[in-house]
Amino acid sequence: MKRYYPLIDMDTTGTIKVPMFPANDYKKALRRSNFALGEVAHNRYRLIAVTPHAMRDYLSYDIRCPKCGMTMDVTEPHEGKYVLAEYTCENCQ
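The residue count restarts for each chain, going from 1 along the sequence in the order it is written. Under the rules for a predicted model, residues below a pLDDT of 70 receive no local features and side-chain atom pairs below 80 are neither given nor counted, while totals for whole chains, interfaces and linings still include all residues. Only heavy atoms go into the side-chain values, all of them from the structure, while hydrogens and water stay out.

Student: Report on the confidence of the model for the chain, specifying residues and quantitative values.
Tutor: In predicted models, pLDDT denotes the confidence assigned by the predictor to each residue on a 0 to 100 scale. Model confidence for the chain is summarised by a mean pLDDT of 93, while 99% of its residues fall at 70 or above. Confidence scores differ between elements of the chain, with helix H2 (residues 55-58) showing the lowest mean pLDDT of 86 and strand S2 (residues 16-19) the highest of 97. Under the scheme used here, helices are H or I runs from DSSP no shorter than 4 residues and strands are E runs no shorter than 2 residues, and both carry numbers assigned from the N terminus.

Student: Can you tell me about the pairing of strand S4 (residues 44-49), naming the residues and giving the values?
Tutor: Only protein chains enter the area calculation, which uses a 1.4 Å probe; residues under 20% of their type maximum are buried, those over 50% are exposed, and those in between are partly exposed. Along S4, 5 of the 6 residues are buried, which leaves the element largely enclosed by surrounding structure. Two strands pair when backbone bridges link them, and strand S3 (residues 35-41) and S4 are joined in this way by 6 bridges, in the antiparallel orientation. The partner of Glu-39 across the bridge, within S4, is Tyr-45. Counted between consecutive antiparallel strands, the loop separating S3 from S4 contains 2 residues, among which Asn-43 sits at a positive phi close to 60°. In the sheet, S4 pairs with strand S7 (residues 83-88) via 4 bridges, with the strands oriented antiparallel. Looking at the pairing, Ile-48 lines up with Val-83 of S7. Each pair of strands is called paired provided DSSP finds at least two bridges between the two strands.

Student: Can you explain a nonpolar patch on the surface? Please cite residues and give values.
Tutor: On the surface, a cluster of nonpolar side chains totalling about 410 Å² of accessible area is made up of Ile-8, Met-10, Met-20 and Phe-21. Here Phe-21 falls in the exposed class, since its relative accessible area comes to 66%. In this analysis, a patch consists of residues with relative accessible area above 30% that form no salt bridge, clustered at 9 Å for like charges and at 5 Å for the nonpolar side chains Val, Leu, Ile, Met, Phe, Trp and Tyr. Exposure was quantified through the Shrake-Rupley algorithm and a 1.4 Å probe, taking into account, for residues, occlusion by the shown protein chains and nothing else. The term salt bridge refers to a side-chain nitrogen of Lys or Arg lying within 4 Å of a carboxyl oxygen of Asp or Glu.

Student: Account for the sheet that holds strand S5 (residues 62-63), with residues named and values stated.
Tutor: Taking strand neighbours across the sheet as the criterion, the 7 strands line up as S5-S2-S1-S3-S4-S7-S6 in an open arrangement whose pairing is mixed. Here the strands that pair on one side only, and so sit at the sheet edges, are S5 and strand S6 (73-76). The pairing of strand S1 (residues 4-9) with S3 spans 3 bridges and is antiparallel. Bridging from a neighbouring strand, Pro-6 pairs with Ala-36 of S3.

Okay, structure coming up:
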């Protein structure tokens, strides 16, 4: 089953984003937050946004892993304005 993790800001600038408890539907996850991580595969997540974003808008974000809390790396480019980059946790592999 695919899970979606709403992201919350952990600093005043909104740069550090930490996942919260998962939802089974991306719409539910995005009701709680402007961003969510959707599971793609083992330790791979796709960033999803409520509003349209260009790559320059979110590449400076520090997206944390839902499992270990470490910073994840961008491994695939964004797919569109709402379905953004894919992130992978090197620590959990």
